[in-house]
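Residue-level structure breakdown
Okay, here's what each chain looks like letter by letter:
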Amino acid sequence: MLVTVKELLVEAEKKQQAVGAFNVPNLESLRGVIQAAEELGVPVIIQHAEVHENLISIEEIGPVMVEFAKRANIPVAVHLDHGATLEECVKAVRLGFTSIMYDASLKSYETNVKETTELVKIAHSVGVSVEAELGEMTNSTVGGGEGRASDASDFGNVDLFTNPQQANEFIQNTGVDSLAISFGTVHGKYLAEPNLDFERIESIRKTTSKTPLVMHGGSGVSAADYRKAIAAGIRKINYYTYMNLAAGESAKKVLINSQQDELFFDELSLDVTSAIKENVIEALKIFNGLN
């Protein structure tokens, strides 16, 4: 069932839970994520990150994502993650995405407000919800910011964290439906122990009248820290790197342990899909308070 992210976050707020959001740059990850959510009977967000255009274009994977969402027996939102340009965001809307993230967080605050406001007007006119980002996060040093090892040089740099008062001003001026905030997470694989500022989440939540807050760099965080972040007000958690690693480890084991002279890719594909599914199930259980 195809829905918007806004609908899912309203329900998550009522239940004091978070919705899992997973990047799906191939059919194995798309199938694994949907299968995991259907097995647990929980809603899910499937995402295409603009940085993954080198893996597959939005024109190729977008229509498939929308079709999978429509056929699913649980609520599924189709979301553009880290859209860097107005053109990419509009393209996602035209392909049937029900939610977009416009990321102007590395631009000046004034530019971020101006461009995000313009996009909100366009998206809301066709019923599409909008996520934006305020504050800076450490990105991956390899692979363009998604799914590889992360440089820890700025890890815990509070000067990069989202300012609560500015967050409230930003939301009021732009009309965004949710806000990705910086409070100590990083994109990619953690090379240092996460030190998350939960008090900052609570402060932002109070100053922004409970606007749904989004956690990027969600992979690799402990179950205890996930629960603390959700209790503090996080309602959407982006997760990709560690399910990607689970898929890679699964493929490696099959290749190492195979006793056959020939290995067919379709068998490897099924094994990888299963590994992604199991990894996502464990994450969704935590996000939805099921363990």
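Criteria and cut-off values
- Residues numbered from 1 in each chain as written.
- Predicted model: local features only at pLDDT ≥ 70, side-chain atom pairs only at ≥ 80, totals over all residues.
- Heavy atoms only, no water.
- Axes fitted to C-alpha atoms, helices over the stretch in contact; angles between N-to-C directions.
- Helix = DSSP H or I, 4+ residues; strand = E, 2+ residues; numbered from the N terminus.
- Parallel < 35°, antiparallel > 145°, perpendicular 65-115°, else oblique.
- Left-handed = near helix turned anticlockwise from the far one by under 90°.
- Contact = heavy atoms within 4.5 Å.
- Nonpolar A, V, L, I, M, F, W, Y, C, P; charged D, E, K, R; others polar.
- Expected span 1.5 Å × (residues − 1).
- Buried < 20%, exposed > 50% of the residue type's maximum accessible area, 1.4 Å probe, protein only.
- Phe/Tyr/Trp six-rings, centres within 6.5 Å; stacked < 30°, edge-to-face > 60°.
- Salt bridge = Lys/Arg side-chain N within 4 Å of Asp/Glu carboxyl O.
- Arc of directions from axis to C-beta.
- Polar contact = N/O pair within 3.5 Å; in protein donor to acceptor, adjacent residues only side chain to side chain.
- UniProt positions renumbered as here; feature names shortened; annotations may be inferred.

Here we take up the packing of helix H2 (residues 27-40) against helix H10 (residues 265-287). For the pair H2 and H10, the least separation of the axes is 7 Å and the interaxial angle reads 45 degrees. One element, H2, and the other, H10, form an angle in the oblique class. Between H2 and H10 lies a crossing of right-handed hand. Two secondary-structure elements touch here, H2 through Glu-28, Ser-29, Arg-31, Gly-32, Val-33, Gln-35, Ala-36, Ala-37, Glu-39 and Leu-40 and H10 through Phe-265, Ser-269, Val-272, Thr-273, Ile-276, Lys-277, Val-280, Ile-281, Leu-284 and Lys-285. In terms of residue class, the contact of H2 with H10 is built from 10 nonpolar, 5 polar and 5 charged.

A word on H2. With 14 residues, H2 should cover 20 Å at 1.5 Å per step; its first-to-last C-alpha distance of 20 Å lies within 8% of that length. All of the buried residues in H2 are Glu-28, Ser-29, Leu-30, Gly-32, Val-33, Ile-34, Ala-36 and Ala-37. Elements that come into contact with the buried residues of H2 comprise strand E2 (19-23), strand E3 (44-49), helix H3 (58-71), strand E4 (76-83), helix H9 (241-257) and H10.

The final tally for this structure, using the stated rule, is 4 aromatic pairs. Arranged with centres 6.4 Å apart and planes meeting at 70 degrees, the rings of Tyr-239 and Phe-287 form a pair that is edge-to-face. With a gap of 48 residues between them, Tyr-239 in strand E9 (residues 234-239) and Phe-287 in helix H10 connect regions that are remote in the sequence. Exposure remark for Tyr-239: the relative accessible area of 8% places this residue in the buried category. Here the aromatic residues Phe-22, Tyr-226, Tyr-239 and Phe-287 are joined through ring pairs into a cluster of three or more.

This brings us to the pattern of salt bridges. Inspection of the entire model under this criterion finds 14 salt bridges. For the salt bridge of Lys-14 with Glu-11, the shortest nitrogen-to-oxygen distance reads 3.3 Å. Highlighted residues: Lys-14 and Glu-11, both in helix H1 (residues 5-15), separated by 3 residues, approximately one helical turn. We classify Lys-14 as exposed; its relative accessible area is 61%. On the accessibility criterion, Glu-11 (36% relative accessible area) is partly exposed. The network of salt bridges with shared partners includes Glu-13, Arg-205 and Arg-235.

Attention now moves to helix H6 (residues 164-174). Turning to H6, its buried residues number three or more, namely Pro-164, Ala-167, Phe-170, Ile-171 and Thr-174. Taken around the axis of H6, the buried residues stretch over an arc of 115 degrees, which confines them to a single face. Every exposed residue of H6 that faces more than 90 degrees away from the buried side is listed here: Gln-165 and Gln-172. In the core, the buried residues of H6 are packed alongside helix H5 (109-124), strand E6 (129-134), strand E7 (178-181) and helix H7 (198-207). Where H6 begins, the side chain of Asn-163 points an oxygen toward the backbone nitrogen of Gln-165, at a separation of 3.0 Å. Note on H6: the residue one or two positions beyond its end, Gly-175, has a positive phi of about 80 degrees.

This part covers the UniProt feature "binding site: Zn(2+) 2" (unreviewed entry) in the protein. Per the UniProt record, "binding site: Zn(2+) 2" (unreviewed entry) is found at Asp-103 and Glu-133. Their sequence span is 31 residues, while the largest C-alpha to C-alpha distance among them is just 5.8 Å; these annotated residues converge on one region. Within the structure, the side chain of Asp-103 is placed 2.7 Å from the side chain of His-82, a separation counted as a polar contact. In this structure Glu-133 comes out as buried when scored by relative accessible area, which is 3%. With residues near it in sequence (within four places) discarded, Glu-133 still touches His-82, Met-101, Tyr-102, Asp-103, Ser-105, Asn-112, Leu-179, Ala-180 and His-216.

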